Amino acid sequence: MPETIWRAKAIKPDYPSLTEDTEVDVAIVGGGITGITTAYLLSKTGLKVALFESYQVGCGTTAGSTGNLYTMVDSRLHHVQAKFNDETAATVAGSRTTAIDLIENLVQKYDISCDFKRQPWILYTESGQKDETIEKEKKTLKKYGLEVQEVKELPLPFKTEQAIKVENQAQFNPSAFVTGLAQKAENKNCRIYENTPVHHIEKGKPHILHTPNAKVKASKVILATHTPKGVYALQTAIYPYREYALAVKLKSGVYPEGIFWSTDSKTHPSLRSYETDEGKFLISVGYHHKVGQEEPGKDYFRNLEKNLRKNYDVESVAYKWSAQHYKSSDGLPFIGESTDDNIFIATGFSTDGLTYGVVSAIIFRDIITGKRNKWAEVFKAKRFTPLKSAKTYIKENLNVMGEYLKDIPGKEDADRFSKIKSGEGKIVELKDEKLAVHRNEHGNLHVCSAVCTHMDCIVNWNNNEKTWDCPCHGSRFKTTGEVIEGPAFSPLDKRQIESKK
Ligand code: FES
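Remember, predicted model here, so these are calculated numbers, not experimental data.

(A) Quick peek at the pairing of strand β4 (residues 117–126). Within β4, 8 of the 10 residues are buried, leaving the element largely enclosed by the surrounding structure. Across 8 bridges, β4 lies against strand β6 (residues 160–171) in antiparallel orientation. Paired with Glu126 across the bridge in β6 is Thr160. Strand direction decides the pairing type here: β4 and strand β12 (residues 259–262), joined by 4 bridges, are parallel. Across the sheet, the residue bridging to Ile122 is Phe260, located in β12.

As structure tokens, this is what we get:
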């Protein structure tokens, strides 16, 4: 896992791995903001809960996020209103505002040291550009009770044309929040296990979760894994993207206070600053592409840095990392019970996942304890609205189909393994089998089958992050084959190959 600025500044959790069979009311898979907040809320209900994290609590996508909390959404609230209706837009705005308030309450109640502070959210257009998005968003945000102001001057070192500002949004260190809340969630009814990947779920009554050293019986299972583990039809309606982040120190210049979004994120990725005991950092996040489909030879980190250097006097890049997000076909997340009885999922958060993770936790707590939840119908995971999703659905699934049919370029035969340099990965075809071959920095080869264990797509080499990424539904694997994230349960199959260096 990359050392993001959030992980570097958070306490390091230390929970045991599961070694003995156990039985619980609710098993939660995934120790990010969705899983830990759900565990915390359920721990107050008297239910017996256990949470299983493959690596460490708060180290996955939560640690790769922007650390921004806002009512607005990446796809813009006025689009939600136009595509659905007033009630849906009001639910999105209301639920997200409630989630931010809950985070603030928890931070205050438990004195969680995570640098939470209320900050404004700003949306601007570049100089010389008029964008009707600003006007439309302003009107819509006002309609749902947000106080929107127009602003003429922004603390940014380039010219802007129009800007709106909404006060009272927030920023924090998401890893520090999650690790801090985990300490409050754990009690005799709620256990947390790290380094405990769930690699199979035997569906039944109860469900049985298989982990490396023990099994777990659970009446209800919550897949707080960003995308549901296993095979679900819903995976045709969520599309995986990666984007990149840098935290830099400046020689001079203003570190802007707030959440800054441009209407043209290609020119200006999002900006925020963060202050630690090492001083201030400027954080920029952007340049997304579909997982496993980066442009060959493109260095996304380098491009992000170049972009920052155009406007800022950058002294050094202190941290760089990337993270995944899943866009849903109709622009709303899927939260609730899946098509499998008593298995619950939360996915399709786009880049708005910190806040939607907490919305999901509230919904899960209510559904599982039999309480009515006024947002559940809008976000329910069983919904599928072909008319509202058709265009995106067809486009994205043609892309997935293209990946299945692709004849992977750059085939090499085994004698040419020697051409793979240290640090490189290549797909090699040997006796009609596609292999994912990586040479590590000591010159040793790791060879795995290149067939993704989720649904048999062929993985691609991610040279920016040195991983094998699946272009179909976003599973990612280490060079040695272990699952990093995504819907795949199992690692890539290892292969023993004799080769010359
Ligand atoms: Fe679905 Fe790889 S993630 S086939």
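There is more to say, and it comes next.
(B) Here's a closer look at the packing of helix α2 (residues 33–43) against helix α6 (residues 174–185). At a closest axis distance of 9 Å, the pairing of α2 and α6 adopts a crossing angle of 25 degrees. The angle between the axes of α2 and α6 places the two elements in the roughly parallel class. Crossing hand, α2 versus α6: left-handed. In contact with Ile33, Ile36, Thr37, Ala39, Tyr40 and Ser43 of α2, α6 contributes Phe177, Val178, Leu181, Ala182, Lys184 and Ala185.

(C) View of the environment of Ala233. Summarising the element assignment, Ala233 is placed in the loop between β10 (215–223) and β11 (238–252). Sequence-wise, Ala233 and Ser338 are 105 residues apart; in three dimensions their C-alpha atoms are separated by 9.9 Å.

(D) Structural view of the environment of Leu123. Considering the arrangement of structural elements, one finds Leu123 in strand β4. Considering only alpha carbons, one finds Leu123 and Gln169, 46 residues apart in sequence, at a separation of 13 Å. Not counting residues within four places of it along the chain, the set of residues in contact with Leu123 comprises Arg76, Thr133, Ile134, Glu137, Gln162, Ala163, Ile164, Trp261, Ser262 and Thr263.

(E) Fine view of helix α4 (residues 86–110). Taking 1.5 Å per residue, 25 residues should reach 36 Å; α4 reaches 36 Å between its end C-alpha atoms and fits that length. Asp111 occupies a position one or two residues after α4 and carries a positive phi of about 55 degrees.

(F) Looking closely at the packing of aromatic side chains. By the definition in use, this model includes 14 aromatic pairs. Judged by centre distance (4.9 Å) and plane angle (5 degrees), the rings of Tyr244 and Tyr300 are stacked. With a gap of 56 residues between them, Tyr244 in strand β11 and Tyr300 in helix α7 (residues 300–311) connect regions that are remote in the sequence. Each member of the pair, Tyr244 as well as Tyr300, carries the same accessibility label: buried. Consider the rings of Phe344 and Phe364, whose centres lie 6.3 Å apart with planes at 75 degrees: the pair is edge-to-face. In this pair, Phe344 is assigned in strand β17 (residues 343–347) and Phe364 in helix α8 (residues 353–368), connecting sequence segments 20 residues apart. The exposure class assigned to Phe364 is buried, which follows from its relative accessible area of 0%. Through pairs of rings, three or more aromatic residues link up here, namely Tyr70, Trp121 and Trp261. Positioned above the aromatic ring of Tyr241 is the side chain of Lys327, whose terminal nitrogen or guanidinium carbon lies 5.7 Å from the ring centre. Here Arg383 stacks its cationic end above the ring of Phe334, 4.0 Å away from the centre of that ring.

(G) Region of the structure containing the nonpolar core. Judged by nonpolar contacts, the single largest core of 73 residues is most densely connected at Ile28, Ile103, Trp121, Phe172, Phe177, Ile222 and Phe379. Leu209, Val221, Leu234 and Phe334 belong to the second largest nonpolar core, which has 26 residues in total.

(H) Structural detail: the state of the cysteines. Scanning all chains against the criterion turns up 1 disulfide. Shown here is the disulfide that connects Cys457 with Cys472, its sulfur atoms set 2.1 Å apart. Of this pair, Cys457 sits in the loop between β20 (445–449) and β21 (460–462) while Cys472 sits in the loop between β22 (467–469) and β23 (476–477), and the two are 15 residues apart along the sequence. Judged by its relative accessible area of 2%, Cys457 is buried. Cys472 sits in the buried class, given a relative accessible area of 1%.

What counts as what
- Residues numbered from 1 in each chain as written.
- Predicted model: local features only at pLDDT ≥ 70, side-chain atom pairs only at ≥ 80, totals over all residues.
- Heavy atoms only, no water.
- Buried < 20%, exposed > 50% of the residue type's maximum accessible area, 1.4 Å probe, protein only.
- Helix = DSSP H or I, 4+ residues; strand = E, 2+ residues; numbered from the N terminus.
- Pairing = 2+ DSSP bridges.
- Axes fitted to C-alpha atoms, helices over the stretch in contact; angles between N-to-C directions.
- Parallel < 35°, antiparallel > 145°, perpendicular 65-115°, else oblique.
- Left-handed = near helix turned anticlockwise from the far one by under 90°.
- Contact = heavy atoms within 4.5 Å.
- Expected span 1.5 Å × (residues − 1).
- Phe/Tyr/Trp six-rings, centres within 6.5 Å; stacked < 30°, edge-to-face > 60°.
- Lys NZ or Arg CZ within 6 Å of the ring centre and 35° of its normal.
- Core = buried A, V, L, I, M, F, W, Y, C linked by side-chain atoms within 4.5 Å.
- Disulfide = S-S within 2.5 Å.

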